[in-house]
Amino acid sequence: MKPPLHRVLSDEGFRLFFPLAALHAALWPLLWVALWSFDLPFARRIPPGIWHANEMIFGAWGAALLGFLTTAAPEWTDTPRLRGRPLWWLAALWGLARIAGLMGADALILPAMLADLAWLVLLLAYFLKVSLEQRTTRLLSFAGWLFALTLAGLMARMAMLAGQVEAAAEWLRIAGLVFLGLLALALARITVPVTNIVLDPSERTSPFRPHPGRLNLSAGLVALALIGQVAGLSPAVAGFLWIAAGAAFMDRMAEGFVGPEAFRAEIMVLMAAAGFAGVGLLGLGAAALGAPWAEAGPLHLALMGGLGLGVLAVLAIAGRFHTGQGLGLNWQTRAAFVLAAAAVLLRALPEMGLMPWPPGPLHLVAAVLWAAAFLLWLADYWPAISRLP
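These notes cover the structure that comes with them.

Procedures and definitions
- Residue positions are given per chain, counting from 1 as you read along its sequence in written order.
- In keeping with the model being predicted, local features are shown solely for residues with a pLDDT of at least 70 and side-chain atom pairs are shown and tallied solely at 80 or more, while totals for entire chains, interfaces and linings include all residues.
- Values reported for side chains reflect all heavy atoms of the structure, with hydrogen atoms and water molecules removed beforehand.
- Only Phe, Tyr and Trp rings are paired, with Trp represented by its six-membered ring, and only when their centres lie within 6.5 Å; those with planes under 30 degrees apart are stacked, over 60 edge-to-face, the remainder tilted.
- By the criteria applied, helices consist of DSSP H or I runs no shorter than four residues and strands consist of E runs no shorter than two, each listed in order from the N terminus.
- For the exposure calls, accessible area comes from a 1.4 Å probe over protein chains only, and a residue counts as buried if that area is under 20% of its type's maximum, exposed if over 50%, partly exposed in between.
- Working definition of a nonpolar core: buried Ala, Val, Leu, Ile, Met, Phe, Trp, Tyr and Cys residues. They are joined through side-chain atoms within 4.5 Å.
- Pairs of residues are marked as contacts when any of their non-hydrogen atoms sit within 4.5 Å.
- The span one expects for a helix is its residue count, reduced by one, times 1.5 Å.
- Consider a residue and the seven residues that end there alongside the seven that start there; fitting an axis to each set, the bend is the angle between those axes.
- Candidate patch residues must exceed 30% relative accessible area and have no salt bridge, after which like charges are joined if within 9 Å and Val, Leu, Ile, Met, Phe, Trp or Tyr side chains if within 5 Å.
- Computed with a 1.4 Å probe, the accessible areas rest on the Shrake-Rupley method; for each residue, only the protein chains presented here act as cover.
- For this analysis, a salt bridge means a side-chain nitrogen from Lys or Arg found within 4 Å of a carboxyl oxygen belonging to Asp or Glu.
- Lines are fitted to the C-alpha atoms to define the axes, a helix being fitted only along its stretch in contact, and any angle between axes, read from their N-to-C directions, falls within 0 to 180 degrees.
- Throughout, the term roughly parallel applies to angles under 35 degrees, roughly antiparallel to angles over 145, roughly perpendicular to angles from 65 to 115, and oblique to all others.
- Charged residues are taken to be Asp, Glu, Lys and Arg, nonpolar residues to be Ala, Val, Leu, Ile, Met, Phe, Trp, Tyr, Cys and Pro, and polar residues to be all remaining types, Gly included.

1. Description of the packing of aromatic side chains
For the coordinates displayed, the defined rule picks out eleven aromatic pairs. Pairing Trp-61 with Phe-374 gives two aromatic rings, centres 6.3 Å apart and planes at 40°, and the pair type is tilted. Separated by 313 residues along the polypeptide, Trp-61 in helix α3 (residues 48-77) and Phe-374 in helix α13 (residues 362-385) bring together distant segments of the chain. An angle of 75° between the planes, with centres 5.9 Å apart, marks the rings of Phe-68 and Trp-76 as edge-to-face. One exposure class covers both Phe-68 and Trp-76, and it is buried.

2. Some remarks on the nonpolar core
Formed by 128 residues in total, the largest nonpolar core has its most connected members in Trp-61, Trp-370, Phe-374 and Trp-377. Aside from chain neighbours lying at most four places away, what touches Trp-61 is Ala-25, Met-56, Phe-179, Leu-303, Leu-307, Gly-308, Val-311, Trp-370 and Phe-374.

3. Looking at α13
If you check α13, its first and last C-alpha atoms are 34 Å apart, about what 24 residues at 1.5 Å a residue would give, namely 34 Å. Considering bend angle alone, the principal kink of α13 is centred on Ala-379 and spans about 30°; proline Pro-383 follows within four residues of it.

4. Here's the deal with a nonpolar patch on the surface
A contiguous nonpolar patch, built from Leu-23, Leu-27, Leu-31, Leu-35, Leu-102 and Leu-375 and spanning about 450 Å² of accessible area, is present on the exposed surface. Ranked by the residues each element gives to the nonpolar patch, the list is headed by helix α2 (residues 13-35), at four residues. As for its position among the elements, Leu-35 is in helix α2. On the accessibility criterion, Leu-35 (55% relative accessible area) is exposed.

5. Here's the deal with the packing of α3 against helix α4 (residues 85-103)
Packed helix pairs are specified by the crossing angle of their axes together with the interaxial distance, meaning the distance between the axes. Contact geometry of α3 with α4 gives a least axis separation of 10 Å together with a crossing angle of 170°. Viewed along their axes, α3 and α4 adopt a mutual orientation that is roughly antiparallel. Only Leu-87, Leu-90, Trp-94, Ala-97, Arg-98, Ala-100 and Gly-101 of α4 make contact with α3, whose side of the interface consists of Trp-51, Asn-54, Glu-55, Phe-58, Gly-59, Gly-62, Ala-63, Leu-66 and Thr-70. For the contact of α3 with α4, the per-class residue count stands at nine nonpolar, five polar and two charged.

Below you can see the structure in the form of structure tokens.
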């Protein structure tokens, strides 16, 4: 007998959280731009832009993080995976916090803060528990970044609760950049096996072996830049630190040039994620050193482009592996990558003065392209996700 859908979705973390991440990433920005014209129905003290940043970081990317880590941790440690009720509890906590963000309800900031804090702490506790039981250090780097993300999220919500808009914006900026550290760790662990399978589908050899000293270079330099940011270093010093972190992501991108196989969609999307993150951080550092653009443009390149393409890459690659399909992407997912990249460029480059402002509602067009990208992925993968092999 075919198992009911709720049992299928809670069989493994990616089945539940990847569709939630795609739906939230697609629909929240589109509703915000097309339906509410950059406003929110119940936003009073807190500007809608703050809610937007919070929902993309802890809503869309948060769901992707839950799906990736609850699926990857058992695989990395050879332990039983989370199934059933624990996954539904995590989803319920995540969803509870999204209610406040959907409407920009200032009155719901406290319960939303507690809900987001709860799933972050539970995820962190799960990683520490597995690490202690298995006596492994493989998860500790992710646990450290999860702790930093939890702290940044708590500080941002506390500032929102107190009506301190500038402090909330700064802590959300830090939270987004912390997510780049998590992206760097994820890329380091995904790129190597994917590239080796592309180069040798038989998996008998490992022709791709990146320099071990550079494996975690981008994550380390993001951490260093964040420490400098929190410590209050001068804009010039902070700018150079972000340029160094951006260069490390560009180095990660360069590792994708492995010959003609570099044109495989799986390799190209991983390179694009690292490239957008790198260019965004380079632009952020340049802005601190006096470049003629505000921080919003490069931040969107890094957090919308780097994280957005990175999340799509994880959804696509992990989604195929864990549904027993192997590598080889359908046209819908390939088109999703192109649409997401186009949305990022359209959103960031005119604002930075690097391309002319096109006619028409630029942000609406970007939001439509962005939504189409994630909905195309969902349409492509839903049949495999919603049934067990």
